[in-house]
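# Understanding the architecture of this molecule
Take a look at the letters that make up each chain.
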Amino acid sequence: SFLFDTDGDGQSEHLLPVCEDITCQKSAIYLTKLGMDQWIPVLQDFRNKDTLWGFVPYENDQSSREISFPITLHIGDYNMDGYPDALAILKNTSGSNQQAFLLENVPCNNLSCKSVRRMFKVFWELSDLNQIKDAVVATFFDIYEDGILDIIVLSKGSTNKDFAIHTLKNNFEADAYFVKVIVLSGLCSNDCPRKITPFGVNQPGPYIMYNTVDANGYLKNGSAGQLSQSAHFALQLPYNVLGLGRSANFLDHLYVGIPRPLGEKSVRKQEWTAIIPNSQLIVIPYPHNVPRSWSAKLYLTPSNIVLLTAIALIGVCVFILAIIGILHWQEK
């Protein structure tokens with residue numbers, strides 16, 4: 001099972017991919033959230049034209065030489081619309097081929113998922129993924145460190161010991177924005193020397209949430225947990241990339257919380273305001289029990305748009321100066 005913010009409301013939902021029979025002829029993904037007393041199906045249609053696909057059944061046989069992987073979803077906002085998508089390995093139920101597929105997070109279009117407003121749709125026509133046969137694991141990875149999540153796929157060859165790693169660049173072209181957040185541990189290997197901030201390393205458990213205003217003026221939320229999973233070939237990134245959609249507005253509020261020791265009642269949470277889109281925020285929670293003393297470092301990599309804007313501004317200035325010069329010459 002997996003926890004992540006499916007519908008962009010700032011709260012995590014519980015996601016469960018299942019096989020409803022031994023051979024996975026009928027697969028589904030169910031979702032529940034805080035306050036619900038039932039599981040809602042958010043993906044049941046695994047048929048592409050005349051071919052029925054399904055999750056790969058897990059073989060828990062220690063004597064078998066065949067490597068089997070648990071049913072796993074890898075979460076990431078592929079198109080940066082603020083609603084996390086997923087990668088899954090599906091198998092042709094009438095054959096032996098298994099491939100990686102992108103599960104796109106789309107608005108719900110049937111009655112079964114109306115209460116959760118979102119559903120998953122299998123992106124059958126992603127040609128680059130379709131060319132990789134016998135895939136066993138697929139996950140997201142920001143190869144170019146540009147905030148756009150690419151895809152890494154592990155496939156097996158003719159023998160069980162023959163594996164290949166494939167990397168697919170995300171060519172999704174959209175005027176969308178993101179914010180990348182990593183929460184460090186705020187620890188030193190020994191006692192921290194004076195005037196040295198203890199960065200530490202990334203840690204499991206922190207929770208990040210933001211709210212902003214979208215391009216239409218509506219309040220937009222989003223949240224994610226850092227390293228929320230440690231088993232079933234999690235392969236999670238040490239940071240979170242939160243899609244903001246096409247809104248270039250500043251993040252009004254960004255909240256970061258870390259786990260607290262057993263028995264402590266005060267919440268360890270801090271808030272930052274006016275975060276610039278397309279930036280990376282490194283949060284250093286030191287000391288852990290004094291959130292107001294936490295520090296954050298913001299890194300912003302200018303894109304080509306900044307250069308184009310500067311060229312346009314200089315061009316306009318030169319044009320205006322030329323007009324002023326001509327008018328002065330005529331007056332003289």
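Residues numbered from 1 in each chain as written. Predicted model: local features only at pLDDT ≥ 70, side-chain atom pairs only at ≥ 80, totals over all residues. Heavy atoms only, no water.

## Brief notes about the state of the cysteines
How we decide: Throughout, disulfides are identified as pairs of cysteine sulfur atoms within 2.5 Å of each other. Burial status follows relative accessibility: with a 1.4 Å probe on protein chains alone, a residue under 20% of its type maximum counts as buried, one over 50% as exposed, and anything between as partly exposed.
A full pass over the atoms with the stated rule returns two disulfides. Across the disulfide, Cys 108 is cross-linked to Cys 113 (sulfur-sulfur distance 2.0 Å). On the S-S bond that ties Cys 108 to Cys 113, the torsion sits near 100°, and the link is right-handed. Cys 113 matches Cys 108 in its accessibility class, with the two residues each being buried.

## Brief notes about the sheet that holds strand β16 (residues 219-225)
Rules: By definition, two strands form a pair when at least two bridges between them are found by DSSP. Counting from the N terminus, the helices are the DSSP runs of H or I reaching at least four residues and the strands are the DSSP runs of E reaching at least two. Here, axes are lines fitted to C-alpha atoms. For helices the fit covers the stretch in contact, and angles between N-to-C directions go from 0 to 180 degrees.
Strand order in the open sheet formed by four strands is β16-β15-β18-β19, with antiparallel pairing between adjacent strands. Each edge of the open sheet is held by one strand with a lone partner, namely β16 and β19 (269-275). Across the sheet, the mean angle separating the axes of adjacent strands is 15° when strand polarity is ignored. Pairing of strand β15 (residues 207-213) with β16 involves seven bridges; the strand directions are antiparallel. The residue bridging Val 213 from the neighbouring strand is Leu 219, located in β16.

## A look at the pattern of salt bridges
To keep it simple, the criterion reads: Any carboxyl oxygen of Asp or Glu within 4 Å of a side-chain nitrogen of Lys or Arg constitutes a salt bridge here.
According to the stated counting rule, one finds eight salt bridges in the structure shown. Note that Asp 7 and Lys 33 form a salt bridge whose closest N and O atoms lie 2.9 Å from each other. In this pair, Asp 7 sits in the loop between β1 (2-4) and β2 (13-19) while Lys 33 sits in the loop between β3 (27-32) and β4 (40-43), placing the two residues 26 residues apart along the sequence. Here Asp 7 matches Lys 33 in class, with each residue buried. Across the salt bridge formed by Glu 13 and Lys 33, the nearest N and O atoms sit 3.9 Å from each other. Highlighted residues: Glu 13 in strand β2 and Lys 33 in the loop between β3 and β4, separated in sequence by 20 residues. In terms of burial, Glu 13 and Lys 33 fall into one category: buried. Connected via shared salt-bridge partners are Asp 7, Asp 9, Glu 13, Lys 33 and Arg 117.

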